[in-house]
Amino acid sequence: MIETTVAGSLPKPAWLAEPETLWAAWKLDGKGLVEGQRDAALAWIKMQEDAGIDIVSDGEQFRRHFVHGFLESVEGIDWQRMTTMGIRDNRYDAQVPTVTGKVRRTGPVHSASVQFCRAHTSRKLKATLPGPMTICDTIADAYYGSRPEMAMAFAALLNDEAKELEALGVDVIQFDEPAFNVFMKDVKEWGIDALHRAIDGLTCKTAVHICYGYGIQSNIDWKNSLGSQWRQYEEIFPALNESRIDQVSLECANSKVPLSLIGILKDKEVLVGAIDVASLAVETPEQVAATLRAAAEFVPPERMTACTNCGLAPLPRSVAEDKLKALGAGVALLRQELA
Ligand code: ZN
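For the structure given in this document, a descriptive report is provided here. (Residues numbered from 1 in each chain as written. Predicted model: local features only at pLDDT ≥ 70, side-chain atom pairs only at ≥ 80, totals over all residues.)

Some details on the overall build of the protein chain
From N to C terminus, the protein chain includes 11 helices and 11 strands. Taking 2.2 N^0.38 as the reference for a compact globule, 339 residues should give roughly 20 Å; the C-alpha atoms of the protein chain span a radius of gyration of 19 Å, in line with that estimate. In the protein chain, the proportion of contacts linking residues at least 24 apart, taken out of those at least 6 apart, comes to 78%. (Helix = DSSP H or I, 4+ residues; strand = E, 2+ residues; numbered from the N terminus. Rg over C-alpha atoms; globule rule 2.2 N^0.38 Å. Contact = placed C-beta atoms within 7 Å.)

Written as C-alpha cells, this is what we have:
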C-alpha cells in the first residue's frame, strides 16, 4: 500500500509567528512560547491525520528555521558574530552565525518536542534534522578550515541527536539536504560519507530530502535559470542509490525533473513529491493521483511514498491544509485503482 507523508515544515499559525515568512520571529516567549508551539503542533497532527497522512510530522512548529533550530543548542557557534554569506552557491545572501570553536551538543535539541508529539498520535512519526552538508552551507567557518571536516563534526552531533529521537519512538528520521543538488561533486566526495556518519547505528527508517527549495523568489529565479530539464539529480542519484539511506525524496509536481531519473534509485524507497510548494493553486486529488501514476512507471508502488515537493511553511495556512487534503485524497484514489 502506498503510504503518505509530508516533507516536513508546515505554516505556523498567525498567533505564533508572522505568517508566510521564513525565519519569522516568534510572537510569544518563555513558557507561553512552548505552550503555543505545542498547540500548533497538535493542530497540525490532527489536520494531517484527518487528511489521511500516514507518517505525520510536527510541521517544524518548534523551530524558526530548519537549520538554525538545531544549531541553537550547539556550543562552538558564535551567534553575535553574524556573517553575510552567499548560500547555496550564492543563490541568496543570508546572515549566518560563525563557528569559532569545536562544535559540541549541549544537550538534547528536539527530544522534548518529539516526546510530546509521540504521546499525541498513534500514526507513524517523522522527525527532520538538517543534513551535515546543508549545515555547512548555512554557517560561516572560522575554526575548521575544511568543509568536509566540519561536516563530519556536525554529523557526529546529528547522530547523537538521531539516536535519542529513535529511542523516543520516531519511525522516520529525515535529513534535509537542499545543498545536495548544488554541490554535486562534494556530495560524491564527502556529502554521503557525512550522511552515513549521521545515520550510523540507526535502525529506524532514514530519509534524505533533496529539493529545489521553497517557492520563494530567489528559488524561482534560480529554477528559471536551470533550463527545460533539471538533471542535477542524475549526477548524485547513482551514489545515493549505493548509500545506506533508506528513502530519497524528489519533487514531481510541476517540476522539470525528468521522472525517468527515479529509475536510478532502483534500490531505494522513493518519496514522490506530488504537491507543488511554489504555487497557491491547490491540486485536485485527480492531479495528485496523475503525478503518482506517472512516477509509478519508474518506481513500483511498494517502494513509493507520496509526499509534498518540499516544506509548506511559507504558504498561507488554509492553502497548506487544502494541499494536505488533496494529497491524502489523491493517494486514496490511486489505492482504489491498485486494489
Ligand atoms: Zn525542500
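After that view of the structure, there is still more to cover.
Focus: helix α1 (residues 30–51)
If you check α1, its first and last C-alpha atoms are 32 Å apart, about what 22 residues at 1.5 Å a residue would give, namely 32 Å. Those residues of α1 that sit buried are Gly36, Gln37, Ala40, Ala41, Trp44, Ile45, Gln48 and Ala51. Against the buried residues of α1 lie β2 (55–56), α4 (111–119) and α11 (317–338). Gly52 lies just past α1 and shows a positive phi near 85 degrees. (Expected span 1.5 Å × (residues − 1). Buried ≥ 20, exposed ≤ 12 C-beta atoms within 10 Å, placed from the backbone.)

Topic: unusual backbone geometry
In this structure, Trp23 takes a positive phi of about 60 degrees despite not being glycine. Summarising the element assignment, Trp23 is placed in the loop between β1 (3–4) and α1. Judged by C-beta crowding, with 12 C-beta atoms within 10 Å, Trp23 ranks as exposed. Positive phi values are uncommon outside glycine, yet Arg88 reaches one of about 50 degrees. Checked against the element boundaries, Arg88 lands in helix α3 (residues 87–90).

Examining the pairing of strand β11 (residues 304–307)
Residues in a regular strand project their side chains so that they alternate between the two faces of the sheet. Burial along β11 is two-sided: Met304 and Ala306 and Thr305 and Cys307, pointing in opposite directions, are all buried. Looking at chain direction, β1 and β11 are connected through two bridges and run parallel. Considered in β11, the bridge of Glu3 is made with Thr305. The pairing of strand β10 (residues 269–273) with β11 spans four bridges and is classified as parallel. Bridge pairing in β11 places Gly273 opposite Cys307. Between β10 and its parallel partner β11, the chain crosses via helix α10 (residues 285–295), and the hand of that crossover is right-handed. (Pairing = 2+ DSSP bridges. Right-handed = clockwise from strand over helix to strand, strands pointing away.)

With respect to the sheet that holds strand β7 (residues 172–176)
In spatial order, the strands read β1-β11-β10-β9-β8-β7-β5-β2; together these eight strands make up an open sheet with parallel pairing. For this open sheet the edge positions go to β1 and β2, each flanked by a neighbour on one side alone. Each of β5 (124–130) and β7 is contacted by helix α6 (residues 147–167), which is oriented at about 170 degrees to β5, the strand it contacts most. (Axes fitted to C-alpha atoms, helices over the stretch in contact; angles between N-to-C directions.)

Remarks on the packing of helix α7 (residues 184–199) against helix α9 (residues 232–242)
In the contact formed by α7 and α9, the axes pass within 9 Å of each other and the chain directions differ by 20 degrees. It follows that α7 is roughly parallel to α9 by the angle criterion. Between α7 and α9 the crossing geometry is right-handed. Between α7 and α9, the residues in contact are Met184, Val187, Lys188 and Ile192 and Gln232, Glu235, Ile236, Ala239 and Leu240, respectively. For the contact of α7 with α9, the per-class residue count stands at six nonpolar, one polar and two charged. (Parallel < 35°, antiparallel > 145°, perpendicular 65-115°, else oblique. Left-handed = near helix turned anticlockwise from the far one by under 90°. Nonpolar A, V, L, I, M, F, W, Y, C, P; charged D, E, K, R; others polar.)

As for the environment of Asp193
Following the sequence through the fold, Asp193 ends up in helix α7. Taking the C-alpha atoms as reference points, Asp193 and Pro148, 45 residues apart in sequence, are found 9.2 Å from one another.

Topic: the sheet that holds strand β6 (residues 140–141)
Strands belonging to one sheet form pairs held by backbone hydrogen bonds; the direction of such a pair is parallel or antiparallel. Ordered in space as β3-β4-β6, the three strands form an open sheet in which the pairing is mixed. Each having just a single partner strand, β3 (74–86) and β6 make up the two edges of the open sheet. As defined by bridge partners, β3 adjoins strand β4 (residues 92–105) across eight bridges and the pair is classed as antiparallel. Bridging across to β4, Val74 finds its partner in Arg105. Running at roughly 75 degrees to β4, α6 makes contact with β3, β4 and β6 of the sheet.

Notes on the pairing of β10
Of all five residues that make up β10, four are buried, and the element is covered over most of its length. Bridging between strand β9 (residues 247–251) and β10 involves five bridges; their strand directions are parallel. Counted as the bridge partner of Leu250 is Val272 from β10.

Side note on the nonpolar core
Formed by 100 residues in total, the largest nonpolar core has its most connected members in Phe154, Val272, Ala274 and Leu327. The element contributing the most residues to this core is α6, with nine residues. (Core = buried A, V, L, I, M, F, W, Y, C linked by C-beta atoms within 7 Å.)

Quick notes on α4
Within the span of α4, buried status applies to Ser113, Val114 and Cys117. Within α4, the buried residues cover an arc of 100 degrees as seen down the axis, which keeps them to one side. At its buried positions, α4 is contacted by α1, β5 and α6. (Arc of directions from axis to C-beta.)

Looking at the packing of α1 against α11
In contact at an axis separation of 8 Å, α1 and α11 are set at 35 degrees when each is read in the N-to-C sense. Facing α1, whose interface residues are Met47, Gln48 and Ala51, α11 presents Glu321, Leu324, Lys325, Leu327 and Gly328. When grouped by side-chain class, the residues that make up the contact of α1 with α11 number four nonpolar, two polar and two charged.

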